[in-house]
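One-letter residues, chain by chain:
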Amino acid sequence: MARAPKISFAPLKPQLTGTAVVLTGEDIATGAVTKKALADAGTLLARAAKAENFKGKLGKMFALVAPSGLKAERLIVVGLGKLKDLKPGEWIKLGGKAMSKVPVSASNVTVLLELPEGKLAASAAADFALGMRLRAYKFDRYKTKKKDDDTTNSEKNGAPANIAIAVDDPAAARKEWASREAIGEGVVLARDLVNEPPNVLYPVEFARRASVLKKLGVGIDVLDRKAMQKLGMNALLGVGQGSSHESRLVVMRWNGGKKGTPPVAIVGKGVCFDTGGISIKPAGSMEDMKGDMAGAACVVGLMHALAARKAKVNAVGVIGVVENMPDGNAQRPGDIVKSMSGQTIEIINTDAEGRLVLGDALWYTKKRFKPSFMVNLATLTGAILVALGQEYAGMFSNSDKLSERLTLAGQDTGERVWRMPLGPEYDKLIDSKFADMKNTGGRYGGSITAAQFLKRFVGDTPWAHLDVAGTAMASPASDINTGWAAGWGVRLLNHWINTHHED
Ligand code: BES
Ligand code: MN
Ligand code: ZN
C-alpha cells in the first residue's frame, strides 16, 4: 500500500552508501568484500560490536548512525550465527529483520549480502529480498496525516525507494527474484484485502477486485445471486440474505499446466463482515470480523502469485463472498435450507455461517472442475485459536498424502499447519432432528465438528480444510509483517503447488 521498494541486484563491490546493510557470522566474521568495504572505518565495527555486546548471533542486529570513515549514512549489522546451523528458512526472516532497522526516510539502501565464507545461494538472496519487501508493507491508505519523523525499527516503517542487493551472482539472484516478487505481490494483495474496512470491501467490491486478475490472464466468472439461486446454492445465499449487499461467488481459473490435467482447487471463505447475524456477536472486538474473508483473500493472492510467475499448473480458485448481518430479512435459528448438494441443513446458530458458505462453494468446485486436490481456507472457528493459538493453522483432511505435503510446505515456508482429527464419532454430533445436518455440533470440539460439516460437501476428492482464524487475521507482528493481516497461506500453497503440481 505504501510505496513498494524497488529491489535490484548487483555484483559484490566494496561500497557502502545510503543506508547500508552488512552481514557477519559468529565473532563478527565478515566476507572479503565486506571487510574491504569497512576498512576505511578502521576498528569501528569491532568497537561498536563490543559496546553493543554483539557477537554475530543469528538474527541479532545493531545499527550505527553516520559511521565515521564511511560514506554510508547508517550501517546496519546483521548476525548470521554459525553458518553450519543456518537453515534456508531463516533468510526471509533475516531480510525482514534488516528492514525493520531501515528508517522511513531512507531513499537508498545498499545491502552487501555476502557470507563470511562460501557463496550465498541465489534462492537465499531472493528470500532475503522477499523478507525486506514484506516487512516494508504498510497499510496506510486511510491515514491522512503521515508521520515520517521516526528514525528506526518501528511499526510506522515505510518503504524506501531503492534497495540494491549486492550478491555473488546477480543474474542468478534476479532469476530467483522474478518468482519471489510475484509471490510477494500475492501476499501484499491478500493483506490489503484483509486490512480493508468492511464498508469499503463488501461482496460486490471484493468480486471486482478479484476480477482485476483478468489482466494477468486469469479467467474470471462472477456468479450473482440469481445465478446461484439457479444452481440451488441456498446455504450460501441464506447467510447473505440479511445484508443489503448482494452475495457473490467468484471463480478464478489459471491454466498454466498441460491441457486436460485436472486442476488443483483452492476454495476460500469470504465473509466480508461477520456480525453473527441474528445470533449476534458481543460488541467487544467485533471490528476484527472485517477479516473474516481472509481465506478468500488468500485464494485471490495465491491466484495472483501463480499467474504473475506463470506457474505451470492448472489451478482454480473459488471464493464465496457474503456479508452476515441481522435484519428483518435475515436467516433465523430454526430455518432449514437446502444446499446445492441436495443435503438439507438446520440452522442452529446463524454465527456458524462460514461452513454454510463453504458447503456450497466446495460442492460447486468439486462438481464443475473435478479437481485432483481441493484445499479450502477459512477463518472458521474461534475454537481453533483456543487449540493452537496464532502459530499453527488447524488442518483437517481426508488424505494422508495431502496432509503430509502441506505439513512439509508449512515447515519450509514458516506458515505451519497442525493436523487435527476427523472421525465418525464427531460426524454424529452434527446430525439433526429435522434435517440432514445442523450447522453446529455443541460445545466440545468446535473446530472438528465444523470440519466434519465441510467434509459432507467434498465427496471422495482428496481435500484439506485449513482453519486460519488464528493465523490469517489479527496477527501479531512478526519479522516479515508489522501486523494484523499476514497474507497467511499464499506462500504455503504456492510452495505446495510448486513442489507437487507444476510440470
Ligand atoms: N468468523 C467466526 C470465527 C472466528 C472467531 C474467526 C474469532 C476469527 C476470530 C465464525 O464465523 C464463528 O462465528 N464461529 C463460531 C461458531 C459457533 C457459533 C459454532 C465460533 O467460533 O464461535
Ligand atoms: Mn460467525
Ligand atoms: Zn465467520
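Structure's up top.
The rules behind the values
Residues numbered from 1 in each chain as written. Chains lettered and ligands numbered in written order. Predicted model: local features only at pLDDT ≥ 70, side-chain atom pairs only at ≥ 80, totals over all residues. Heavy atoms only, no water. Helix = DSSP H or I, 4+ residues; strand = E, 2+ residues; numbered from the N terminus. Expected span 1.5 Å × (residues − 1). Buried < 20%, exposed > 50% of the residue type's maximum accessible area, 1.4 Å probe, protein only. Donors = N, O, S within 2.8 Å, 3.2 Å for Na, K, Ca; no water. Tetrahedral: all angles 85-135°; square planar, octahedral: opposite > 155°, others 65-115°. Near = heavy atom within 4 Å. Polar contact = N/O pair within 3.5 Å; in protein donor to acceptor, adjacent residues only side chain to side chain. Areas by Shrake-Rupley, 256 points an atom, 1.4 Å probe, with all protein chains shown as cover. Nonpolar A, V, L, I, M, F, W, Y, C, P; charged D, E, K, R; others polar. 1 Å grid on protein atoms, 1.4 Å probe; cavity = no way out; pocket = protein on both sides within 12 Å on 5 of 7 lines; lining within 4 Å. Points joined across faces, edges and corners; volume = space filled by probe spheres on them. Pairing = 2+ DSSP bridges. Axes fitted to C-alpha atoms, helices over the stretch in contact; angles between N-to-C directions. Parallel < 35°, antiparallel > 145°, perpendicular 65-115°, else oblique. Left-handed = near helix turned anticlockwise from the far one by under 90°. Contact = heavy atoms within 4.5 Å. Phe/Tyr/Trp six-rings, centres within 6.5 Å; stacked < 30°, edge-to-face > 60°. Lys NZ or Arg CZ within 6 Å of the ring centre and 35° of its normal.

Chemist: How would you summarise helix H9 (residues 294-308) if you had to cite specific residues and measurements?
Modeler: The terminal C-alpha atoms of H9, which comprises 15 residues, lie 21 Å apart, in line with the 21 Å expected from a rise of 1.5 Å per residue. By the criterion of burial, H9 is predominantly enclosed, with 14 of the 15 residues buried.

Chemist: Could you give me a rundown of the coordination of the manganese ion (ligand 2), with the residues and numbers involved?
Modeler: The coordination sphere of the manganese ion (ligand 2), as far as protein atoms go, consists of Asp-274 (OD), Asp-351 (O), Asp-351 (OD) and Glu-353 (OE), spread over 2.0 to 2.2 Å. Every donor counted, the 6 donor atoms about the manganese ion (ligand 2) form angles of 71 to 168° at the centre, which fits irregular coordination. One chain supplies every donor to the manganese ion (ligand 2), and in sequence these donors are spaced D-x76-D-x1-E. The distance between the manganese ion (ligand 2) and the zinc ion (ligand 3) comes to 3.2 Å, with Asp-274 serving as a donor to both metals.

Chemist: So what's going on with the site of ligand 1? Which residues, and what values?
Modeler: What surrounds ligand 1 is a group of 17 residues, the closest being Lys-281, Asp-292, Asp-351, Glu-353 and Gly-382. At a separation of 2.8 Å, an oxygen atom of ligand 1 approaches a polar side-chain atom of Lys-281. In the model, a nitrogen atom of ligand 1 is placed 3.5 Å from a nitrogen or oxygen of the Leu-380 main chain. In isolation ligand 1 has 510 Å² of accessible area, and contact with the protein removes 77% of it. Of the residues that constitute the shell around ligand 1, the class distribution is 5 nonpolar, 5 polar and 7 charged.

Chemist: Tell me what's going on with the coordination of the zinc ion (ligand 3), and back it up with residues and numbers.
Modeler: Note on the zinc ion (ligand 3): its protein donors are Lys-269 (NZ), Asp-274 (OD), Asp-292 (OD) and Glu-353 (OE). The metal-donor distances range over 2.0 to 2.4 Å. Relative to the metal, the 6 donor atoms surrounding the zinc ion (ligand 3) lie at angles of 77 to 173°, and the coordination shape comes out octahedral. Look at where the donors of the zinc ion (ligand 3) fall in the sequence and you get K-x4-D-x17-D-x60-E. Residue Asp-274 is classed as buried on the basis of its relative accessible area of 3%.

Chemist: Run through the layout of surface pockets, naming residues and quoting values.
Modeler: Estimated volume of the largest pocket: approximately 680 Å³. Forming the boundary of the largest pocket are 29 residues, of which Gly-414, Glu-415, Ser-478, Ile-480 and Arg-491 lie nearest the centre. Taken together, the residues of the lining of the largest pocket break down into 8 nonpolar, 11 polar and 10 charged.

Chemist: With reference to specific residues and values, describe the sheet that holds strand E13 (residues 373-378).
Modeler: Strand order across the open sheet formed by 8 strands is E7-E8-E10-E9-E13-E17-E14-E15, with mixed pairing between neighbours. The open sheet has two edge strands, strand E7 (219-223) and strand E15 (417-419), and neither has a second partner. Each neighbouring strand pair of the sheet contributes to a mean axis angle of 20°, computed without reference to strand direction. With 5 bridges connecting them, E13 and strand E17 (residues 463-467) associate as parallel partners. When the sheet's bridge partners are listed, Leu-377 is paired in E17 with Leu-466.

Chemist: Report on the packing of helix H12 (residues 400-413) against helix H15 (residues 490-500), specifying residues and quantitative values.
Modeler: Running from amino to carboxyl end, H12 crosses H15 at an angle of 120°, the nearest separation of the two axes being 9 Å. Between H12 and H15, the crossing angle belongs to the class labelled oblique. In this structure, H12 crosses over H15, and the sense of that crossing is right-handed. Of H15, the residues touching H12 (which contributes Leu-402, Arg-405, Leu-406, Ala-409, Gly-410, Asp-412 and Thr-413) are Arg-491, Leu-492, Leu-493, His-495, Trp-496 and His-500. By residue class, the composition of the contact of H12 with H15 is 6 nonpolar, 4 polar and 3 charged.

Chemist: For the sheet that holds strand E16 (residues 437-438), give the residues involved together with the corresponding values.
Modeler: Reading across from one edge, E11-E12-E16 is the order of the 3 strands in this open sheet, with mixed pairing throughout. For this open sheet the edge positions go to strand E11 (336-338) and E16, each flanked by a neighbour on one side alone. Taken together, the 3 bridges between E11 and strand E12 (residues 344-346) define a ladder with antiparallel strand orientation. Directly across from Lys-338, in E12, lies its bridge partner Thr-344.

Chemist: If you had to explain the packing of aromatic side chains to someone new, which residues and values would you point to?
Modeler: Centre-to-centre distance and the angle between the planes together describe a pair of aromatic rings. Taken as a whole, this structure holds 7 aromatic pairs when the rule is applied. With a centroid separation of 5.0 Å and 70° between ring planes, the pair formed by Phe-54 and Phe-62 is classed as edge-to-face. Residue classification places Phe-62 among the buried residues on the basis of a relative accessible area of 2%. Residue placement shows Lys-290 over the ring face of Trp-484; its charged tip is 5.1 Å from the ring centre. In this structure, Arg-416 is placed above the aromatic ring of Tyr-392, and the distance from its NZ or CZ to the ring centre is 4.5 Å.

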